[in-house]
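# Examining the three-dimensional arrangement
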Amino acid sequence: VIGRYIKLDNETESINVELNQVDDNHIFSTMNTDDEDQSQLLSNTMTASLSNTVIVRQPHQDTHSNQYISNSLGEKGQPVIFDPNYLNPEERQKYLNQWNSNNFNGYLSDMISLHRTLPDVRDEECKHLNYSKDLPETSVIICFTDESWSALLRTVHSVLDRSPPRYLREIILIDDFSTKDFLKQSLDDYVATLPKVKVFHAPRRLGLILARIWGAKIASAPVLFFLDSHCECAQGWLEPALELIKRDDTTVAQPVIDVINASTLGYTAFQANNIQLGGFNWELIFDWHPIPEREHRRRNYQNHLPVKSPTMAGGLFAISKRYFNYLGAYDEGFDVWGAENLELSFKIWMCGGTLYTMPCSHVGHIFRTFPPYKIKPYDYFKRNNVRLAEVWLDEYKNYYYNSINFHLPEFGDVTSRKKLRENLHCKSFDWYLNNIFPELFVPNRDGIAYGQIESRAVPLCIHANTGATPTRAQMCVKYDKSQYWILSYYGQMRNGNNCLRYSLESRALTLIACLTENVNQHWEYTKQSQIRHTHSGTCLQLLEAGLLMMEKCKRVKTQQWKMARGAPP
Ligand code: LR7
Ligand code: MN
């Protein structure tokens, strides 16, 4: 703390704030104000009086105790509202460079303590659980390429600071051929001062998947815990996984992945009654789903108990080293990034294991819109996915191939992976879908009407426009994906993974991501060929120029639509 109050320009009043120095260039205040004018004035005054400084405001108070908890930046995982306009040109350039090289606010990250505190975000029930006294040891494996210095080391310190030492054998850092200089000698030097941490520099770019396989080979503890290189482990993150794996080493456990905001670095936790489970769609893209009712029931509505998850996000999970190797680690033909998370998820379930999400274990992850590192000039994600589909999806692979128009890239040899599946006597993908992920939409199982929806009044077809634009009818075009619909058994009118939605409040007919059990997305195709919205009891009607409206149901041609009944072929 370098000061306590500041006089404002108008000289008549002074505000009592704490001024804290971060380093030579940065001072921030913990003044709690929602008054924009006041804070603006304060910032101006300070920038004028203290040259070469930036003011960042940390406006949040801890609402529970109603007092300031922290007096330094980002502590308790609080968001920092950061205004780059107060930076001098040189600092501002650094700030922009950090965004460019990380796709998150690396400049702010560098100002926050590597040991910053986080609140104990666990549900009350979690805090009173008793764990075995002799849990297995773990090797934490963190692969990175050109990661931000502070984000990487905050990940490392959060592991060191919040793991019971007797359960942490080592932290293995795999540097996947980074180009940034500070990730070489300086990192080695820094890490040499830390207990249990080792860095290994790859001699060439391995890609995330081979880097992980390498890390797993080096690891000496019976449990592997993988993390991304921009995470923060919260209080009690480790024990729940070790407990599950100790009981049964074919159990794979993932923490709740909390959100660290890419610009404010604020930490937001998911409460146990609100966590999301991993799924995927037929483009083989990972997605999130709410916990289905069947899982609530199985757990007797006890939110803190582990939840069976159909898939994993991929970056953050614990697995026994023995079981990881038994399952054949990852397909070494996967390049750079992607598909490995679904491969491991399918293998776990189909080959006799269990995949849980643990509501009592929390790890934050900086979510960003796209990765910043150099990528190869071909679609490795697609190639990885084709390998995945060939080996694990059986006849269901055609749904994926359909989504890429059956344009299969060269995907190499998958014989050894098929052999692996055979040797392990794994169950079928059909079994997986029916038993582990029954919520997934399977076109030929769950469709009751399909194809184009053509008006009986004029030759126009309902056309899918995503986003806020209302859905309209256009000239019918055969084989156009935007005109291919499936009415599901559950009443969804689907175009790919998007569903037709009508809300009485907004009176808008739009297309958004499908959600099961959402009344606004529930439709019927009636005997009179109407498309009826169940909740509002209205029918889809064609107006002039392809405009669509929901109207009172009546026998008019403009409310009649041709659609093929039965499941799609
Ligand atoms: O070539 C590479 N070499 C690497 O070492 C590419 C990446 N990496 C490192 C990278 O520095 C990072 O630490 O691998 C890690 C993952 O890459 P990210 O953070 O750029 O990707 P992501 O968070 O979007 O990736 C999610 O999906 C990936 C698919 O391959 C991996 O499984 C990631 O681990 C996974 N991240 C998570 O599950 C965290 C939650 C995000 C979600 C959903
Ligand atoms: Mn990540």
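Everything numeric here is computed off the predicted structure, so don't read it as measured data.

## A word on the overall build of the protein chain
Of the regular secondary structure elements, the protein chain holds 16 helices and 29 strands. A total of 569 residues make up the protein chain; the buried ones form 41% of that total. The long-range share in the protein chain, meaning contacts at least 24 apart out of those at least 6 apart in sequence, stands at 71%.

## Let's talk about the site of ligand 1
Looking at ligand 1, there are 24 residues lining it, with Asp 176, Ser 229, Ala 313, Gly 314 and Gly 315 nearest. At the level of elements, β6 (138–144), α7 (207–218) and α11 (340–350) are the ones that each hand at least two residues to the shell around ligand 1. Counting residues per element, the shell around ligand 1 draws most heavily on α7, at three residues. Tallied by class, the residues present in the shell around ligand 1 amount to twelve nonpolar, eight polar and four charged.

## A word on α7
Over its twelve residues, α7 runs 17 Å from end to end, which matches the ideal 16 Å to within 8%, given 1.5 Å per residue. Within the span of α7, buried status applies to Gly 207, Leu 208, Ile 209, Leu 210, Ala 211, Arg 212, Ile 213, Gly 215 and Ala 216.

## Considering the sheet that holds strand β28 (residues 548–552)
Sheet architecture is open: four strands sit in the order β25-β26-β27-β28, paired in antiparallel fashion. If you trace the sheet from one side to the other, it starts and ends with β25 (523–525) and β28, each paired once. For this sheet, the mean angle separating the axes of adjacent strands, direction not counted, is 40 degrees. Examined bridge by bridge, strand β27 (residues 538–542) and β28 share five bridges and lie antiparallel to one another. Paired with Leu 540 across the two strands is Met 550, which belongs to β28.

## Some remarks on the nonpolar core
For soluble globular proteins, nonpolar side chains are generally found buried alongside one another. Within the largest apolar cluster, 101 residues are counted, with the highest numbers of intra-cluster contacts made by Val 140, Ile 141, Leu 224 and Ala 318. No fewer than three residues from each of domain 1 (3–102) and domain 2 (136–366) sit in this core. Once residues lying within four places of it in the same chain are set aside, the contact partners of Leu 224 are Ser 139, Ile 141, Ala 216, Ala 219, Ala 318, Ile 319, Lys 321 and Phe 324. Ranked by size, the runner-up nonpolar core spans 24 residues in total, among them Leu 487, Cys 499, Leu 511 and Trp 561.

## Looking at the environment of Cys 539
Summarising the element assignment, Cys 539 is placed in strand β27. In sequence terms Cys 539 and Leu 118 are 421 residues apart; their C-alpha atoms lie 52 Å from each other. Contacts of Cys 539, omitting those with residues within four sequence positions, involve Gln 530, Ile 531, Arg 532, Glu 551, Cys 553 and Gln 559.

## Topic: the pairing of strand β24 (residues 508–513)
Pairing between strand β23 (residues 498–503) and β24: six bridges, direction antiparallel. Its bridge partner being in β24, Leu 500 is matched across the sheet by Leu 511. Hairpin connection between β23 and β24: a loop of four residues separates the two successive antiparallel strands, and Arg 507 in this loop has a positive phi of roughly 55 degrees.

## A look at the confidence of the model for the protein chain
Averaged over all residues, the pLDDT of the protein chain equals 88, while 86% of them reach at least 70. In the predicted structure, residues 44–55 sits below a pLDDT of 50 and forms 25 contacts with residues beyond four places in sequence or in another chain. Note that pLDDT drops below 50 for residues 57–71; the model gives that stretch 29 contacts with residues more than four away or on any other chain. Predicted complex, confidence summary: ipTM 0.98, pTM 0.87.

Thresholds applied
- Residues numbered from 1 in each chain as written.
- Chains lettered and ligands numbered in written order.
- Predicted model: local features only at pLDDT ≥ 70, side-chain atom pairs only at ≥ 80, totals over all residues.
- Helix = DSSP H or I, 4+ residues; strand = E, 2+ residues; numbered from the N terminus.
- Buried ≥ 20, exposed ≤ 12 C-beta atoms within 10 Å, placed from the backbone.
- Contact = placed C-beta atoms within 7 Å.
- Near = placed C-beta within 6 Å.
- Nonpolar A, V, L, I, M, F, W, Y, C, P; charged D, E, K, R; others polar.
- Expected span 1.5 Å × (residues − 1).
- Pairing = 2+ DSSP bridges.
- Axes fitted to C-alpha atoms, helices over the stretch in contact; angles between N-to-C directions.
- Core = buried A, V, L, I, M, F, W, Y, C linked by C-beta atoms within 7 Å.
- Domains from an automatic or database assignment.
- pLDDT = per-residue confidence, 0-100.

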